[in-house]
Amino acid sequence: MELTAVDHRIPLSDGNSIPIIGYGTYPTPPMTPKGSCRAGVKLAIDVGYRYIDGAYSYQNEKEVGEAIREKIAEGRVKREDIFYSGKLWGTDFDPQRVLPALQKTLQDVHLDYVDLYIMETPMAFKPGDEIFPKDKKGNWIFHKTNLCATWEALEACKDAGLVKSLGVSNFNRRQLELILNKPRLKYKPVCNQVQSDKRVGCAKEFQELLNIKDHGLGVYFEPLLEDELLNSLGKKYNKTAAQVALRFNIQRGTVVIPKSYDPTMIKENLQIFDFSLTTEEMKTIETLNRDVRLAGQLRFSGHPEYPFHDEY
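This one's a predicted model, so the numbers in the text were calculated from it and none came from an experiment.

Engineer: Give me the overall build of the protein: which residues, what numbers.
Structural biologist: Within the protein, the regular secondary structure consists of 11 helices and 10 strands. The 312 residues of the protein split such that 54% are buried. Look at the contacts in the protein between residues 6 or more apart in sequence, and 75% of them connect residues 24 or more apart. Accessible area of the protein: about 14500 Å², with a carbon and sulfur share of 50%.

Engineer: I'd like to hear about the pairing of strand E6 (residues 114–119), residue by residue, with values.
Structural biologist: Counting buried residues along E6, six of its six residues qualify, which places the element largely inside the surrounding structure. Relative to E6, strand E5 (residues 83–88) is paired through four bridges, and the arrangement is parallel. The residue bridging Leu88 from the neighbouring strand is Met119, located in E6. In terms of handedness, the path from E5 via helix H3 (residues 95–109) over to E6 forms a crossover that is right-handed. Looking at chain direction, E6 and strand E7 (residues 163–169) are connected through five bridges and run parallel. Paired with Ile118 across the strands is Gly167, a residue of E7. Read from E6 through helix H4 (residues 147–159) to E7, the crossover connection turns out right-handed.

Engineer: How would you summarise the pattern of salt bridges if you had to cite specific residues and measurements?
Structural biologist: Under the defined criterion, the tally for this structure stands at 17 salt bridges. Between Lys42 and Glu70 there is a salt bridge; the shortest N-O distance is 2.9 Å. In this pair, Lys42 sits in helix H1 (residues 36–47) while Glu70 sits in helix H2 (residues 61–74), placing the two residues 28 residues apart along the sequence. For Glu152, the salt bridge identified is with Lys182, shortest N-O distance 3.2 Å. Note that Glu152 is positioned in helix H4 and Lys182 in the loop between helix H5 (173–180) and strand E8 (191–195), a separation of 30 residues in sequence. What makes Glu152 partly exposed here is its relative accessible area of 40%. Connected through salt bridges with shared partners, the residues Arg38, Lys42, Glu66 and Glu70 form a single ionic network.

Engineer: Mind laying out the pairing of E5, listing which residues take part and the relevant values?
Structural biologist: The buried fraction of E5 is high, at six of six residues. Residues of E5 alternate between two faces, with Phe83, Ser85 and Lys87 on one and Tyr84, Gly86 and Leu88 on the opposite face, all of them buried. One ladder, built from three bridges, connects strand E4 (residues 51–53) with E5; its direction is parallel. Bridged to Asp53 within E5 is Ser85. Running through H2, the crossover from E4 to the neighbouring parallel element E5 is right-handed.

Cut-off values and rules
Along each chain, residue indices are assigned from 1 in the same order as the chain's sequence is written. In keeping with the model being predicted, local features are shown solely for residues with a pLDDT of at least 70 and side-chain atom pairs are shown and tallied solely at 80 or more, while totals for entire chains, interfaces and linings include all residues. Only heavy atoms go into the side-chain values, all of them from the structure, while hydrogens and water stay out. In DSSP terms, a helix is any run of H or I states spanning at least four residues, a strand is any run of E spanning at least two, and both are numbered starting from the N terminus. Only protein chains enter the area calculation, which uses a 1.4 Å probe; residues under 20% of their type maximum are buried, those over 50% are exposed, and those in between are partly exposed. Working rule for contacts: check all heavy atoms of both residues, and any pair within 4.5 Å makes them a contact. Values of accessible area rely on a 1.4 Å probe in the Shrake-Rupley scheme; residue burial ignores everything except the protein chains shown. Pairs of strands are assigned from DSSP output, requiring at least two bridges between the strands. Throughout, right-handed denotes a crossover for which the path from the first strand over the helix to the second runs clockwise when the strands point away from the viewer. When a carboxyl oxygen of Asp or Glu is within 4 Å of a side-chain nitrogen of Lys or Arg, the pair counts as a salt bridge.

Given below as structure tokens:
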């Protein structure tokens with residue numbers, strides 16, 4: 001199937017489909033000026049993005065919802081055109097907190113259902129409304145994790161019609177297999193959303209061993225964008241290094257979620273369907289892997305379920 005800027009959905013394992021490129025709404029830096037997310041989502045929809053990736057922990061879902069609602073009201077898109085992904089944060093992993101957390105997301109984004117709902121992390125934290133709970137000494141307050149119990153509560157949300165597809169994020173192989181091998185499993189994760197950067201090489205293992213869609217959170221750091229190979233290919237195709245990196249990922253079947261509030265970059269990141277990399281160029285880009293994780297969440301490395309102590 002040929003992917004285009006207008007039609008770039010690919011199938012998921014549960015029979016649903018997902019756009020191969022999304023617009024990420026994570027606020028960078030964390031104190032992003034109010035309204036930036038809303039403006040970014042509106043522009044993203046205008047230029048052709050249909051997948052909007054959000055999360056309760058980003059604390060901006062109301063802005064995302066306002067933007068989506070405005071674009072639907074304008075007639076720019078219909079609800080079914082939009083693929084919205086929300087995330088369950090680790091403070092809501094107790095089964096009785098899962099449905100209320102999802103309902104809050106639905107209320108904030110003004111939607112009757114989300115297309116994809118993801119466990120944002122395999123690490124549970126002290127249940128409550130504080131997103132990053134700490135004790136009086138400034139230490140993180142972890143919570144006992146029961147991934148299978150949380151997953152069962154998510155399955156109930158899907159049965160209720162509030163979620164189309166279920167996924168995970170930043171799970172290692174062992175944690176994924178806990179879900180996949182769970183007795184009476186009803187729904188498998190359709191994706192594992194992870195850092196997708198050519199200096200981290202784990203996507204192949206997830207795809208081949210676990211048969212789920214690699215789902216790349218597309219954060220391209222400055223050292224990578226200055227890479228000589230990517231820039232030389234960019235000159236060849238009249239593209240930026242970021243566009244070459246994004247093209248590489250979608251060409252190998254990885255869903256990517258670049259994020260930016262800069263109007264020029266929002267537009268450029270979608271302009272990756274009018275060129276293709278050769279087989280040899282794809283192989284050469286693969287050699288950039290350095291097994292270096294640039295978003296390792298080291299502050300949580302003491303958690304019993306910290307995923308990155310394992311190789312993958």
